[in-house]
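Architecture at a glance
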Amino acid sequence: MSEMIREILVAAAGEVEAAADERVLKEVEVKYLGKKGLVTGLMNRMRELTPAERPGFGKSVNEAKDTIQRQIDSRRNGLKAQVLMKEVADPFYDPTLPGLPEVEGSLHPLTVITQELEEIFRSMGFIIPDYPEAESEFFNFEALNIPSDHPARDMQDTFWLKDGNLLRTHTSPGQVRAMREFAPPFRAIFPGKVYRYEAVDASHEHTFHQVEGLMVDREVSVANLIHSMKVLLGRIFKRDVKIRLRPGYFPFVEPGFELDIECAVCGGKGCSVCKKSGWVELLPCGLVHPNVIRFGGLDPTEWHGWAFGLGLSRLVMMKYQVNDIRHLMGGDLRFLEQFR
Ligand code: PHE
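So, how was this worked out
Residues numbered from 1 in each chain as written. Predicted model: local features only at pLDDT ≥ 70, side-chain atom pairs only at ≥ 80, totals over all residues. Heavy atoms only, no water. Helix = DSSP H or I, 4+ residues; strand = E, 2+ residues; numbered from the N terminus. Near = heavy atom within 4 Å. Polar contact = N/O pair within 3.5 Å; in protein donor to acceptor, adjacent residues only side chain to side chain. Areas by Shrake-Rupley, 256 points an atom, 1.4 Å probe, with all protein chains shown as cover. 1 Å grid on protein atoms, 1.4 Å probe; cavity = no way out; pocket = protein on both sides within 12 Å on 5 of 7 lines; lining within 4 Å. Sits in = over half its atoms within 2 Å of the grid points.

1. Section: the environment of Pro-251
Following the sequence through the fold, Pro-251 ends up in the loop between strand S5 (243-247) and strand S6 (253-262). As for Pro-251 and Ile-127, which are separated by 124 residues in sequence, their C-alpha atoms are 25 Å apart.

This is how it looks when you write it as structure tokens:
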């Protein structure tokens, strides 16, 4: 038996030395040390030995294995060095050339702003639940006080799914879902993608981003709402932004407001983003309608709320002075690289 080990060692050493490249060397490695290799095979012949001979034999086989492995490793290093030497010998090889710069990605501006908003709201005690993008008619409309014959349904042209559900047209369904899920008082924001079947232009996309906000408590007032919106805008823009408040109609709030900010793309002079008006609708908001509170499973004589629906895509456009909403979802690297 030990004669056999010696023969294998000699043969292996010869083949390792003769291996001209790493691929051949790998084959030699498998032939001797692989699962079905020659050295591994020796172990199976243990049975043919007397119990007294076995430990010694096992030890020799293991030593043989180590020896061959060492020879293979050293040969492999040698081969690698050879390849390198050949490269260096190339007259065009210049080791002083700078390396290739690593291309570093960056976060999408929508992601950056979303994270910033989440941070601001989390610090004020808001939770951030996640809700489906494929939503039921009930949560997207009915529960928000928009019955099927309500004209407000036309305000939000809808992508209907074959199963009768729809792609949420706003983040407001999160309001009712949250009221059903969490015990009041609570406050929550819902950042997310929304979809509308709309003609696309510089200020309209079929897919865009909103952040819904909801606060439910026993005593909630318009003064409270407006103050919160001012704090919010101040923390986002980190400068004074001109705002104006108008009455606004949404079936799920009463009273409802439109909060506009001066268009940051043109500085209020009028451009394609603000449709020449100098103002951009950014933050519709209001006190939650009692019917919505009721759909949320709460008693509207006990619980009140305010809600807002921040236009996140618009906010990004205002903050970075992007003059066409289509850049946001267009995936053009020349646009995205500017936010590194
Ligand atoms: N969901 C409304 C929209 O997308 C915005 C909104 C949200 C208005 C909350 C008032 C309160 O148009």
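2. A look at the site of the ligand
The full set close to the ligand counts 15 residues, and His-170, Ser-172, Arg-196, Gln-210 and Glu-212 are the nearest of them. Measuring from an oxygen atom of the ligand, one finds a side-chain N or O atom of Arg-196 at 2.9 Å. Interatomic distance of 2.8 Å between a side-chain N/O atom of Gln-210 and an oxygen atom of the ligand. With the chains in place, 95% of the 320 Å² that the ligand exposes on its own is no longer accessible. One can see that the ligand is located within the largest pocket. When residues of the shell around the ligand are traced back to their parent elements, those giving at least two are strand S4 (207-217), strand S7 (279-288) and strand S8 (304-311). The element that contributes the greatest number of residues to the shell around the ligand is S8, accounting for three residues.

The values are spatial; any link to function lies outside them.
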